[in-house]
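Structural overview
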Amino acid sequence: MNTVVSEGTVVVSARGEQRMRSGHPWIYRADVTDVDAAGGDIVEVIGPRRRRLGHALFSDRSQIPLRMLVRGDTPFAASVLRDRLERAIQFRAALHLDATAYRLVNGEADLLPSLVIDRYESYLVVQALSQGMDKLLPALTGWLAEIVSPAGILARNDPKVRALEGLEQTVDVLAGTVPNSVVVREGPIEYDVDLRRGQKTGLFLDQRENREAAARYARGRLLDCFSYHGGFALRLACHCDTAEAIDISADAVAHIQSNATANRVTNLTAREANVFDELRRLEKANERYDTIVLDPPAFAKNKSSVPSAIAGYKEINLRALRLLTPGGYLVTCSCSYNVNEEMFAAILHEAAVDSHTPIAIVEKRMQGRDHPVLVGVPETHYLKCFIVRRIE
Ligand code: SAH
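Residues numbered from 1 in each chain as written. Predicted model: local features only at pLDDT ≥ 70, side-chain atom pairs only at ≥ 80, totals over all residues. Heavy atoms only, no water.

Looking at the overall build of the protein chain
The following threshold applies: Secondary structure elements follow DSSP: runs of H or I of four or more residues count as helices, runs of E of two or more count as strands, with numbering from the N terminus. The globule rule used here is 2.2 Å times the number of residues to the 0.38 power, and the radius of gyration it is set against is calculated over C-alpha atoms. Partly exposed residues are those whose accessible area sits between 20% and 50% of the maximum for their type, while under 20% is buried and over 50% is exposed, using a 1.4 Å probe and protein chains only. We call two residues in contact whenever any of their non-hydrogen atoms come within 4.5 Å of each other. For every accessible area listed, the method is Shrake-Rupley and the probe measures 1.4 Å; residues are considered covered only by the protein chains on display.
The number of helices and strands found in the protein chain is 10 helices and 20 strands. Its C-alpha radius of gyration of 23 Å places the protein chain within 12% of the 21 Å reference for a compact globule of 392 residues. The dimensions of the protein chain, computed from C-alpha atoms along their principal axes, are 70 × 45 × 35 Å. Looking at the 392 residues of the protein chain, the share that counts as buried comes to 56%. Expressed as a percentage of contacts within the protein chain between residues at least 6 apart in sequence, the contacts between residues at least 24 apart total 63%. Per element, the accessible surface of the protein chain, about 16,700 Å² overall, is 51% carbon and sulfur.

Some thoughts on the sheet that holds strand β5 (residues 52–58)
Defined as follows: Following DSSP output, two strands are said to pair if at least two bridges run between them. Fitted lines through C-alpha atoms give the axes, limited to the stretch in contact for helices. The angle between two N-to-C directions lies from 0 to 180 degrees.
Strand order in this open sheet of 6 strands is β2-β6-β5-β4-β1-β3, and the pairing throughout is mixed. Only two strands of the sheet have a single neighbouring strand rather than two, namely β2 (26–27) and β3 (32–36). Each of β1 (6–12), β4 (42–46) and β5 touches helix α3 (residues 131–148); the most contacted strand, β5, lies at about 75° to it.

Describing the site of the ligand
Spelled out, the test is: Whether a residue is near a molecule or strand is decided by its heavy atoms; if any one of them lies within 4 Å of it, the residue is near. Polar contact criterion, stated in full: a pair of N or O atoms within 3.5 Å, where within protein one must be able to donate a hydrogen and the other to accept it, and residues adjacent in sequence count only if both atoms are side-chain atoms. In the scheme used here, Gly and all other residues not listed as nonpolar or charged are polar, with Ala, Val, Leu, Ile, Met, Phe, Trp, Tyr, Cys and Pro taken as nonpolar and Asp, Glu, Lys and Arg as charged.
Around the ligand sit 16 residues, and of these Arg211, Phe226, Asp247, Val275 and Asp295 come closest. Between Ile248 and the ligand, the recorded distance is 3.0 Å, taken from a backbone N or O atom to a nitrogen atom. One of the side-chain N or O atoms of Asn274 is found 3.0 Å from a nitrogen atom in the ligand. Alone, the ligand offers 590 Å² of accessible surface; in the complex the protein occludes 89% of this. Looking at side-chain class alone, the shell around the ligand contains 8 nonpolar, 5 polar and 3 charged residues.

Focus on helix α7 (residues 250–262)
So the rule is basically this: Multiply 1.5 Å by the residue count of a helix minus one, and that product is the helix's expected span. Here, the arc refers to the directions that run from the helix axis to the C-beta atoms.
In this model α7 runs 18 Å from its N-terminal to its C-terminal C-alpha over 13 residues, within 8% of the 18 Å that 1.5 Å per residue would give. Buried residues of α7: Ala252, Val253, His255, Ile256, Asn259 and Ala260, and no others. The arc enclosing the buried residues of α7, seen along the axis, measures out at 160°, which places them on a common side. Away from its buried face, by an angle of more than 90 degrees, α7 presents the exposed residues Thr261 and Ala262. You can read the cap of α7 off the contacts: a side-chain oxygen lies 3.3 Å from the backbone nitrogen of Asp251, and it is on Ser249. Arg264, located one to two residues past α7, shows a positive phi value of around 55°.

Describing α3
What counts is decided by this rule: The bend at a residue is defined as the angle formed between two axes, one fitted to the seven residues ending at that residue and one fitted to the seven starting there.
Taking 1.5 Å per residue as the helical rise, α3 with its 18 residues ought to reach 26 Å, and the 24 Å between its terminal C-alpha atoms agrees with that figure. Maximal helix bending in α3 amounts to about 50°, located at Leu137; proline Pro138 follows within four positions. Of all the positions in α3, only Gln131, Gly132, Met133, Leu136, Leu137, Ala139, Leu140, Thr141, Gly142, Trp143, Leu144 and Val148 are classed as buried. Looking at the residues trailing α3, positive phi occurs at Ser149, about 45°.

Let's talk about the environment of Leu282
Relative to the elements of secondary structure, Leu282 occurs in helix α8 (residues 275–284). Residues Leu282 and Gly198, spaced 84 residues apart in sequence, show a C-alpha to C-alpha distance of 29 Å. Aside from chain neighbours lying at most four places away, what touches Leu282 is Leu223, Arg271, Glu287, Tyr289 and Leu323.

Honestly, that's just the spatial picture; any functional story needs more than this.
Here it is in structure tokens:
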């Protein structure tokens, strides 16, 4: 398929050129000085001294008008994108993941900026998160049919970031057929996934290896907070005497229960509650747990919400530490990019001091290997997962 050509030109400032040379694929609006292109074009990026610096996806609405595809003064060839797609898919196959659901393309870290592709069994779920990627969807669909031959491709183009690009939020079948529910396996656990309505593209695939790591420590009485469809609780229950899962969503609790039944996990109970209230109640009732998981949604969606996010992370970690038995384990996560690993460690330190709990970090982890981090692009390292032991 050779429908992908470069159209238009965009001129960037000296600062834009320097940013590009430092390896970051995003060029911000303030660093664009002249545009002769339409939204969604693949454009030539021209430097302040009129040299061609490379090619990029152009967006006429976003704060990030340029996402670099290739650098250097050579013509653009669509085959570059197809090759990257194929290499991204081959890399995941080479990981030999013990799962039938995983990420095939992780945007910037596969040099395919603003593109996400997840595999669920024989179905693919695609998200095009910029005008340029959106325009490439027909070409991508054709390449995916050639490389993967999926039974169906679903576009989950409903994330809010699409609105910032002036794009519609839609869910469409791009190829084949996509059933209402798909059964996938992650290690020993099977999940029934609703690809059209589940969070993210259906499941939180980025936590797969952290669930596996946590299983090495889990024991005794388990509390899984912010459980969604029971990812941690289901995987850890077989190592524990009892498992309790909490989520604020009734729909999530129903999924945990049906997943527990389908997997014959009999020592797991799920309840609908606000974790902030529930941790307080459990503390008052003098309850104790040997293993606690905290996997909240991103509290800091942007820079301005960082202070309140820090307060939220501190509160749940402090309360969880108070509920933890000596020798017990806390698996604590943050998926806010705006709270980086150093800040998260500092929050944990404060929670330990304020709760008078001596703790040791046993593992510092991030998102799974199928969601790699592009060096030089801190935005691609969003998930932190610390496994912590209460020493006494
Ligand atoms: N641990 C899960 C993913 C968690 S996603 C996994 O491994 O798959 C975050 C979950 O937190 C969502 O299901 C959301 O419904 C829930 N949630 C958000 N705020 C909450 C609150 N205050 N109390 C309880 N659950 C909450």
